[in-house]
Amino acid sequence: MRRRTRKLLVQLMLFGGVLCLVLFLNAPSSTPPTLAWTRIRYRPRPDPPPPTSRGACPGLADANKLGKPALVVARVHADGDAGWLKTLEAQYHLCVYTADAPAEDPGHDYLQTPANRGHEAMAYLTFLIDNYAQIPAAGAVFVHGSRWAWHNDAPDYDNAALLAALNVSAALHPSGYHNLRCDWSAGTCPPSTPPQRSLETSLQAVLQPWGARAVSDKALPDALATLFGGGGVDGSLQVLLGRSDTLRAQCCAQFVVSRDRVWQHSREEYIALRSWLLTAAPRDDRISGRILSYLWHILFLRPGTEGEAAGSGGIHLQALNRAACPRADECYCRLYGRCNLANCVSPGACYGQYRVPKDYRLPDDWAASHVE
Ligand SMILES: *[C@@H]1O[C@H](CO)[C@@H](O)[C@H](O)[C@H]1NC(C)=O
């Protein structure tokens, strides 16, 4: 064989080998998976000492008598003045957590989390753990501490206006959980989002290690397997997302949930989840926080209770994904009363309602120039 021919053959074989590997790694699994993601089975070992926090929200029992939902706010000092929440007091019972509050806070102005880790998740879990028995019958809304944020689903990004317009009972009907975002950009709802365990996501994570997005997408499946796995998982159920499966979710971790949905998990599960965040989660908050931001709907949505997966002991990924990404136009109408929108150009966007600002951030003077 001539040398050039041999070289060509070797190159062809190499190319064929790589092609097979890529095809193998991305091959769709034959059946849509049923996942064991119904219960947090992670148990920290050894048991860590219970963290200290000041998490019991004063007066929450009274909220129940008034039929008010709780508004759980996860803030840090950098979020600035919390005065914008005042106008919402008539509608909601406020439970405001400051993650970086000083340990000694004689004024007891704000509720406190055991540590400033995992972004908003630490405050949300501390609320659930320390107020488990008092969750209002009207539900609870979970939000970040700054009034203006790039991900707030309004033309001017104002959470005060969104929360004033939010129809909590409509949002909770029928599934008992709803993300506060309707627009699909920035989450994993768009069909173009690659599977979290695909080569594409792995490559992006390697090529953009500074971009928390791809790195946390890649870390998500293992984290979910750790949290939902453990002893007692029925062998027919999967804990690890398949290589060709995409977990779809709205982004940014602001949502509303009913008491029943909170109570479908035990207090111990929320404690275990918080222990994971405190001791075992990736140290980079942008990553652990983002992983948790893709967990809430798995905890609280139970797709299939109206049929599909009911009683099967597992969660069907397809049903979960469908429930996680409602159409934007229906969402705007149900949650915020913005109905009959004209320019809904795709299932995930209505023109004029929301746009991702440049570089996923608002100009520094946004708040100053928008307060009335
Ligand atoms: C909220 O939505 C429900 C329908 O689900 C409706 O009956 C109710 O009037 C709405 N509340 C407000 C304040 O618009």
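Scoring rules and cut-offs
Residues numbered from 1 in each chain as written. Predicted model: local features only at pLDDT ≥ 70, side-chain atom pairs only at ≥ 80, totals over all residues. Heavy atoms only, no water. Salt bridge = Lys/Arg side-chain N within 4 Å of Asp/Glu carboxyl O. Buried < 20%, exposed > 50% of the residue type's maximum accessible area, 1.4 Å probe, protein only. Phe/Tyr/Trp six-rings, centres within 6.5 Å; stacked < 30°, edge-to-face > 60°. Helix = DSSP H or I, 4+ residues; strand = E, 2+ residues; numbered from the N terminus. Lys NZ or Arg CZ within 6 Å of the ring centre and 35° of its normal. Axes fitted to C-alpha atoms, helices over the stretch in contact; angles between N-to-C directions. Parallel < 35°, antiparallel > 145°, perpendicular 65-115°, else oblique. Left-handed = near helix turned anticlockwise from the far one by under 90°. Contact = heavy atoms within 4.5 Å. Nonpolar A, V, L, I, M, F, W, Y, C, P; charged D, E, K, R; others polar. Polar contact = N/O pair within 3.5 Å; in protein donor to acceptor, adjacent residues only side chain to side chain.

A. Here's a closer look at the pattern of salt bridges. Following the criterion strictly, the structure yields 10 salt bridges and no others. In this structure, Arg286 engages Asp284 in a salt bridge whose closest nitrogen and oxygen atoms are separated by 3.0 Å. For Arg286, a relative accessible area of 41% translates into the label partly exposed. The salt bridge partner of Asp329 is Arg327, with a shortest N-O separation of 3.1 Å.

B. Quick peek at the packing of aromatic side chains. Scanning all chains against the criterion turns up 16 aromatic pairs. Consider the rings of Phe127 and Phe142, whose centres lie 5.8 Å apart with planes at 80°: the pair is edge-to-face. One end of the pair, Phe127, is in helix H3 (residues 120–130); the other, Phe142, is in strand S5 (residues 140–144), with 15 residues separating them in the sequence. The same class applies to Phe127 as to Phe142, namely buried. Between Tyr157 and Tyr354, the aromatic rings sit 5.9 Å apart at their centres with planes inclined by 85°, giving edge-to-face as the arrangement. In this pair, Tyr157 is assigned in the loop between S5 and helix H4 (159–165) and Tyr354 in the loop between helix H13 (328–336) and helix H14 (366–370), connecting sequence segments 197 residues apart. Side by side, Tyr157 and Tyr354 carry an identical accessibility label, which is buried. Ring-pair connections join several aromatic residues into one group, and the members of that group are Tyr124, Phe127, Phe142, Tyr177, Phe255, Trp296 and Phe300. Over the ring of Tyr354 we find Arg181; its NZ or CZ atom is 4.6 Å from the centre of that ring.

C. The packing of helix H6 (residues 199–207) against helix H7 (residues 212–228), seen in detail. The interhelical angle for the contact between H6 and H7, taken along N-to-C directions, is 135°, at an axis separation of 8 Å. Between H6 and H7, the crossing angle belongs to the class labelled oblique. Between H6 and H7 lies a crossing of left-handed hand. Within the contact between the two elements, H6 uses Thr201, Ser202, Gln204 and Ala205 and H7 uses Ala214, Val215, Asp217 and Lys218. Of the residues assigned to the contact of H6 with H7, the class counts are three nonpolar, three polar and two charged.

D. Focus on helix H10 (residues 285–293). For H10, the tally of buried residues reaches eight of nine residues, placing the bulk of the element in the interior. All buried positions along H10 are accounted for by Asp285, Ile287, Ser288, Gly289, Arg290, Ile291, Leu292 and Ser293. Sitting at the amino-terminal end of H10 is Asp284, which places a side-chain oxygen 2.9 Å from the backbone nitrogen of Arg286.

E. Region of interest: the packing of H3 against helix H9 (residues 267–280). At a closest axis distance of 9 Å, the pairing of H3 and H9 adopts a crossing angle of 150°. One way to sum up the angle between H3 and H9 is to call them roughly antiparallel. For H3 against H9, the interelement crossing comes out left-handed. Where H3 abuts H9, its residues Ala121, Met122, Leu125, Thr126, Leu128, Ile129 and Asp130 lie against Arg267, Tyr270, Ile271, Leu273, Arg274, Leu277 and Leu278. A per-class count over the contact of H3 with H9 returns 10 nonpolar, one polar and three charged.

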